[in-house]
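What follows is the residue order along each chain.
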Amino acid sequence: MAQDNLSLVLHAKGDLRLENRPIPEPGPNEVLLQMHSVGICGSDVHYWQNGRIGDFVLKKPMVLGHEASGRVAKVGSEVKHLKVGDRVAIEPGVPREMDEFFKTGRYNLSPTIFFCATPPDDGNLCRYYTHSANFCYKLPDNVTFEEGALIEPLSVGIHACRRAGVTLGSTVFVCGAGPIGLVCLLAAKAMGASQVVISDLSEERLLMAKELGADFLLTVTRGDGAQQLAKSVEEMLGTQPHITIECTGVESCIQTAIYATRSGGVVVLVGLGSELATVPLINAAVREVDIRGVFRYCNTWPMAIAMLASRKVNVKPLVTHRFPLEQAVQAFETTRQGLGIKVMLKCDKNDQNP
């Protein structure tokens, strides 16, 4: 095994470094993975630029990266379902204890959960990484490593659509056509949504949404009124949507989401903005519009793998840029500037293929 474990480490706000770290040994229930493809998430960039997200504050150096896939290089003594050479997708959130959330199947809400690249837990933007074998999922031969890495963002879309109750014939409005808005679109369509409207400031992102199956595109300009945008959504669909999935975290968009949703419908908040927002809560209340939160995901990897393997969902167009791990800082800069959609880092020197 190569003795090189190049890792992308955030030392402090704005201080991102590539450094060599020791190759870890897997515990009894872990596997050592040779990392292959790792996507850059907005949260990775946010930690780099701000040193924190909400209550999660960087206090010591941390390896970034949590949208990942790799190959099993070593297997812990207790692991039965994986072997050396298996290609796997990594679910980055691993519960540390069997609390009430774990027992009820909502382990993403466990306050003590381990989560890659959320302080103080290290992520997997490196050459070699150990992870709980139970949260590594074998990839079928027809699913690429990059698709495996994209299961993480796709899971946000699946979980949001589950929370929203998307089903056959649902009409859906997605606010924001960044990577998360686009996976919400993909998941909604795959789960039976008949028509999806998606909005964004960027024409380029809306064109990608069109390619991925959006029925209607709504170009937003800064300063557009929330009620006016809600009316535009209704005019496009011919009716108000059953469900709105808000992926921006911007206050005015949350307002639009509430006004746009039909009475008795559901608004799901996926995007995270400032801690407090002024929204038309009474409008939602008197119309019985449910407002639901989303925190990451749970129990989504098997479904996502099945969706990709059966070709019911195509995430491949999301990847617009690729960089070798050695150029990670440049890759992060590309993401920070908002260029393209998904930037993918290639961690295996000998295999830079998708």
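Structure: above.
Residues numbered from 1 in each chain as written. Predicted model: local features only at pLDDT ≥ 70, side-chain atom pairs only at ≥ 80, totals over all residues. Heavy atoms only, no water.

A. Structural view of the overall build of the protein. Secondary structure summary: the protein contains ten helices and 20 strands in total. Relative to the 2.2 N^0.38 estimate, which gives 20 Å for 354 residues, the radius of gyration of the protein is 20 Å and therefore close to what a compact globule would have. C-alpha extents for the protein along the principal axes are approximately 60 × 40 × 35 Å. Here the protein, with 354 residues, has 53% of them falling under the buried criterion. Intrachain contacts of the protein at a sequence separation of at least 6 include 68% that bridge at least 24 residues. Accessible surface computed for the protein: about 15,300 Å², of which carbon and sulfur atoms make up 53%. Counting 35 positive and 37 negative side-chain charges, the protein places the averaged centre of each group 3 Å from the other. (Helix = DSSP H or I, 4+ residues; strand = E, 2+ residues; numbered from the N terminus. Rg over C-alpha atoms; globule rule 2.2 N^0.38 Å. Buried < 20%, exposed > 50% of the residue type's maximum accessible area, 1.4 Å probe, protein only. Contact = heavy atoms within 4.5 Å. Areas by Shrake-Rupley, 256 points an atom, 1.4 Å probe, with all protein chains shown as cover. Lys, Arg positive; Asp, Glu negative; His and termini not counted. Charge placed at Lys NZ, Arg CZ, Asp CG, Glu CD.)

B. Quick look at the sheet that holds strand β14 (residues 195-200). Taken in spatial order, the six strands line up as β15-β14-β13-β16-β17-β18 in an open sheet, and their pairing is parallel. Bordering the open sheet on either side are β15 (216-219) and β18 (290-293), each of which pairs with just one other strand. The sheet shows a mean angle of 20° between the axes of neighbouring strands, direction not considered. Bridge count between β14 and β15: four bridges; the pairing is parallel. (Pairing = 2+ DSSP bridges. Axes fitted to C-alpha atoms, helices over the stretch in contact; angles between N-to-C directions.)

C. Focus on the packing of aromatic side chains. Using the criterion set out here, one finds five aromatic pairs in the structure. When the centroid spacing of 5.8 Å and the interplanar angle of 80° are considered together, the rings of tryptophan 48 and phenylalanine 332 count as edge-to-face. Remark: phenylalanine 332 occurs in helix α10 (residues 328-336) and tryptophan 48 occurs in helix α1 (residues 42-50); sequence separation between them is 284 residues. Relative accessible area serves as the criterion here: at 7%, tryptophan 48 is assigned to the buried category. For the ring pair tyrosine 107 and phenylalanine 135, a centre distance of 5.9 Å and an interplane angle of 80° mean the geometry is edge-to-face. Of the two residues, tyrosine 107 sits in the loop between α2 (100-103) and β10 (114-115) while phenylalanine 135 sits in the loop between β11 (128-132) and β12 (136-138), which places them 28 residues apart along the sequence. Per residue, the accessibility class of tyrosine 107 equals that of phenylalanine 135, and both read buried. Grouped by ring-pair contacts, the aromatic residues Phe115, Tyr137, Tyr297 and Trp301 constitute a single cluster. Positioned over the ring face of phenylalanine 145 is arginine 87, at 4.6 Å from the centre of the ring. If you follow arginine 296 out to its NZ or CZ, it ends over the ring of phenylalanine 115, 3.7 Å from the centre. (Phe/Tyr/Trp six-rings, centres within 6.5 Å; stacked < 30°, edge-to-face > 60°. Lys NZ or Arg CZ within 6 Å of the ring centre and 35° of its normal.)

D. Looking closely at the sheet that holds strand β6 (residues 62-63). On the basis of which strands lie adjacent, the open sheet formed by three strands has the order β2-β1-β6 and antiparallel pairing. The open sheet terminates on both sides in strands that have one partner only, identified here as β2 (15-20) and β6.

E. Examining a nonpolar patch on the surface more closely. Together, Leu281, Ile282, Val286 and Ile291 give the surface a local cluster of nonpolar side chains, amounting to about 410 Å² of exposed area. Counting residues per element, the nonpolar patch draws most heavily on helix α8 (residues 281-286), which supplies three residues. Of the residues examined, isoleucine 282 reaches a relative accessible area of 63% and is grouped as exposed. (Patch = residues over 30% accessible without salt bridge, like charges linked within 9 Å, V, L, I, M, F, W, Y side chains within 5 Å. Salt bridge = Lys/Arg side-chain N within 4 Å of Asp/Glu carboxyl O.)

F. A look at the pairing of β2. Taken together, the six bridges between strand β1 (residues 6-12) and β2 define a ladder with antiparallel strand orientation. The residue bridging leucine 8 from the neighbouring strand is leucine 18, located in β2. Between β1 and β2, which follow one another and run antiparallel, lie two residues, and glycine 14 among them has a positive phi close to 80°.

G. Molecular detail of the pairing of strand β19 (residues 319-324). Here five bridges tie β19 to strand β20 (residues 342-346), and the two strands are oriented parallel to one another. From the neighbouring strand, arginine 322 faces β20, where its bridge partner is methionine 344.

H. Spotlight on the environment of valine 156. Within the fold, valine 156 resides in helix α3 (residues 145-164). On the basis of relative accessible area, valine 156 is assigned to the buried category, the value being 11%. Between the alpha carbons of valine 156 and leucine 185 there is a distance of 11 Å; along the sequence they are 29 residues apart. Leaving out residues up to four positions away in the same chain, valine 156 has contacts with Ile180, Val270, Arg296 and Tyr297.

I. Geometry of the pattern of salt bridges. Taken as a whole and judged by the stated rule, the model has 18 salt bridges. For the salt bridge of aspartate 4 with lysine 349, the shortest nitrogen-to-oxygen distance reads 3.2 Å. With aspartate 4 in the segment before β1 and lysine 349 in the segment after β20, this pair connects stretches of sequence that are 345 residues apart. What makes aspartate 4 buried here is its relative accessible area of 17%. Close ionic contact of lysine 74 with glutamate 25 constitutes a salt bridge, the shortest N to O distance being 2.7 Å. Separated by 49 residues along the polypeptide, lysine 74 in strand β7 (residues 67-75) and glutamate 25 in the loop between β2 and β3 (30-39) bring together distant segments of the chain. On the basis of relative accessible area, lysine 74 is assigned to the partly exposed category, the value being 31%. Salt bridges here are not isolated pairs; linked through shared partners, they connect Asp4, Arg127, Glu326 and Lys349.

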